[in-house]
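# Structure assessment
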Amino acid sequence: MNLNFSTKIAALAALLAPLACEDPPADLDRHCRDLQPGHTCTWAGLKGEVGYNGDGQHRLATLINEPQDLLFLPDGSAWFTDFNNFLIRRILPDGTVETMVGMADPIFPGDGPFTGIPPGGAPGDEWMLNHPTNLLLTPDGGVLVVAWHNHKLLRVDPTSGFVQLVCGGGAGFAGDGELASPQTLFRQLQDATYDDAGNLYIVDQQNGRVRMLAADGMVSTIAGDGTIGTLGDGGPALEAQFSWARGSNPNPSGGILFHEGKLYIADTEAATIRALDLSTGVIDRLAGTGEPGDSGDDGPALEARLRGPRDLEIGPDGDLYFADTDNGKVRAIDLEAGIIRTVVGTGALGLDEAEGQPALETTLRRPFGIAFDPEGDLYVMDSLNSRIVKVAL
């Protein structure tokens, strides 16, 4: 990096970085510490503020910018995608925030180190990202980063922060029937999930397909014919259509989760959730009528209206939870009874002043992601409020 470029970066960082808060607000800490079941608190982020103010501070004194996903690791840390700061960061057990992947001063997005991506990888602090969306724990204990706008999958060593390219070489569609490599092409891959055998399933958003990176390294398409639409329910998944956002600057769109032999897929623009039976290859609608809206709680999920569903998780009760993003809610489906309910959110988009409120009285603003901690509590990426909300279950 030349000196002039470094000087410009430092100057821009100084202009953009707001004043840091030295200590976490005591009242917010108290609300999370003494949180009653069914109530919420701001767990990370400066409530109502957006930006970047560096590392080394408490999670409640750290500015973040549209978080998308959260992953709890066995070492007690919690990693999250700081989407619009172009960073992967972690929250240590003492509450301190540390950047693991991305430049220390996120001024603009990039794709790997300035000098290009070395074959063997590079340290995380040398690696630039462009809108990372999702995180998974790999079968060998690494952290898999779904680098949405980089069109790549990356693996991070959780101890050293060293980053290696798994596959992806830029925007396009290529690599089916071949081993994963830099020549494998995706177009804004948005989410991914592992099955019990170590196969990885990927939402290839702008290619309109679900693709599989098998445990042996082979890449293939298992669902989607590449066209935008809603057809295919009740038939072969390879003949189905998906409605994920496309265009020059779409929102991250889609979600996927493996559970007990099925892939659950959020078909965001179609306002539905679909289920793909991996034993038969048949896809069908699980929730949503296909008409966007907000209705149907405490009734059949197939008769409910959703608006922009995205991230999916299985809760400690065995129900399927999902971010009903554009309704400002998190909802859950009892997979045995097929009944849907709202878990968090009012249906209005906004930000409440109060903390410690009942979950159904807590206002969210386009939540893109959800996660559960080892104790079974729910965390909501309240994305456009640039905070992470904890929900005691």
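Residues numbered from 1 in each chain as written. Predicted model: local features only at pLDDT ≥ 70, side-chain atom pairs only at ≥ 80, totals over all residues. Heavy atoms only, no water.

### Looking at the overall build of the chain
In terms of regular secondary structure, the chain is built from two helices and 26 strands. For the chain, the C-alpha atoms occupy an extent of roughly 60 × 50 × 35 Å along the three principal directions. By residue count, 58% of the 393 residues in the chain fall in the buried class. Here the contacts in the chain between residues at least 6 apart in sequence split such that 46% fall between residues at least 24 apart. When the accessible surface of the chain is totalled, it reaches about 15,300 Å², and 51% of it is carbon and sulfur. The average position of the 26 basic charges and that of the 55 acidic charges among the side chains of the chain differ by 5 Å. (Helix = DSSP H or I, 4+ residues; strand = E, 2+ residues; numbered from the N terminus. Buried < 20%, exposed > 50% of the residue type's maximum accessible area, 1.4 Å probe, protein only. Contact = heavy atoms within 4.5 Å. Areas by Shrake-Rupley, 256 points an atom, 1.4 Å probe, with all protein chains shown as cover. Lys, Arg positive; Asp, Glu negative; His and termini not counted. Charge placed at Lys NZ, Arg CZ, Asp CG, Glu CD.)

### Thoughts on the sheet that holds strand β25 (residues 378–382)
Sheet architecture is open: four strands sit in the order β1-β26-β25-β24, paired in antiparallel fashion. What marks the edges here is a single partner per strand, and that holds for β1 (40–44) and β24 (369–372). Each strand axis lies, on average, 30° off the axis of its neighbour in the sheet, ignoring direction. Where β24 meets β25, four bridges bridge the pair, whose relative direction is antiparallel. The partner of I370 across the bridge, within β25, is V380. (Pairing = 2+ DSSP bridges. Axes fitted to C-alpha atoms, helices over the stretch in contact; angles between N-to-C directions.)

### Concerning unusual backbone geometry
The backbone phi angle of D298 is positive, close to 70°, even though this residue is not glycine. Inspection of the secondary structure puts D298 in the loop between β19 (282–287) and β20 (309–314). You can call D298 exposed: its relative accessible area is 64%. Residue R366 is not a glycine yet carries a positive backbone phi of 55°. When you line up the elements, R366 lands in the loop between β23 (339–344) and β24. Residue R366 is classed as buried on the basis of its relative accessible area of 16%.

### Concerning the state of the cysteines
Scanning the entire structure with this criterion turns up one disulfide. Sulfur-sulfur distance for the disulfide between C32 and C41 comes to 2.0 Å. For the disulfide bridge between C32 and C41, the dihedral angle about the S-S bond is near 100°, and by the sign convention the bridge is right-handed. Judged by its relative accessible area of 9%, C32 is buried. (Disulfide = S-S within 2.5 Å.)

### Focus: the confidence of the model for the chain
Across the chain, the average pLDDT comes to 93, with 93% of residues at or above 70. Below a pLDDT of 50 lies the segment residues 1–22, which in the model reaches 25 contacts outside its immediate sequence neighbourhood of four places, other chains included. (pLDDT = per-residue confidence, 0-100.)

### With respect to the pattern of salt bridges
The full count for this structure, using the stated rule, is 20 salt bridges. Residue R90 is joined to E98 by a salt bridge in which the shortest nitrogen-to-oxygen separation is 2.9 Å. Look at R90 and you get buried, because its relative accessible area is 13%. Looking at E98, the relative accessible area reads 28%, which means it is partly exposed. Salt bridges sharing partners connect three or more residues here, namely D294, D297, D324, K329 and R331. (Salt bridge = Lys/Arg side-chain N within 4 Å of Asp/Glu carboxyl O.)

### Focus on the sheet that holds strand β3 (residues 78–82)
The strand order across the open sheet formed by four strands is β2-β3-β4-β5, and the pairing between neighbours is antiparallel. Since the sheet does not close on itself, it has two edges, and those belong to β2 (67–72) and β5 (97–101), each with one partner. Going across the sheet, the axis of each strand differs from the next one's by a mean of 30°, ignoring polarity. The sheet contact formed by β2 and β3 spans four bridges and is antiparallel. Note that in β3 the partner of P67 across the bridge is D82.

### What to know about the packing of aromatic side chains
According to the stated counting rule, one finds six aromatic pairs in the structure shown. Their ring planes at 45° and their centres at 6.0 Å tell us that F83 and W148 sit as a pair that is tilted. Within this pair, whereas F83 is found in the loop between β3 and β4 (87–91), its partner W148 is found in the loop between β8 (143–147) and β9 (152–156), the two being separated by 65 residues in sequence. Residue W148 is classed as buried on the basis of its relative accessible area of 1%. Taking 5.1 Å as the distance between ring centres and 80° as the angle between the ring planes, the aromatic pair formed by Y321 and F372 counts as edge-to-face. Here Y321 is found in strand β21 (residues 320–324), whereas its partner F372 is found in strand β24, with 51 residues between them in sequence. Like Y321, the residue F372 is buried in the burial classification. Grouped by ring-pair contacts, the aromatic residues W43, F72 and Y379 constitute a single cluster. (Phe/Tyr/Trp six-rings, centres within 6.5 Å; stacked < 30°, edge-to-face > 60°.)

### As for the environment of L63
Within the secondary structure layout, L63 lies in the loop between β1 and β2. Accessibility expressed as a relative area gives 2% for L63, which makes it buried. Counting along the chain gives 15 residues from L63 to G48, while the straight-line C-alpha distance between them is 9.6 Å.

### Considering the pairing of β2
With six of six residues buried, β2 lies mostly within the body of the structure. The hairpin turn running from β2 into β3, its antiparallel successor, is five residues long, and G76 in that turn takes a positive phi close to 95°.

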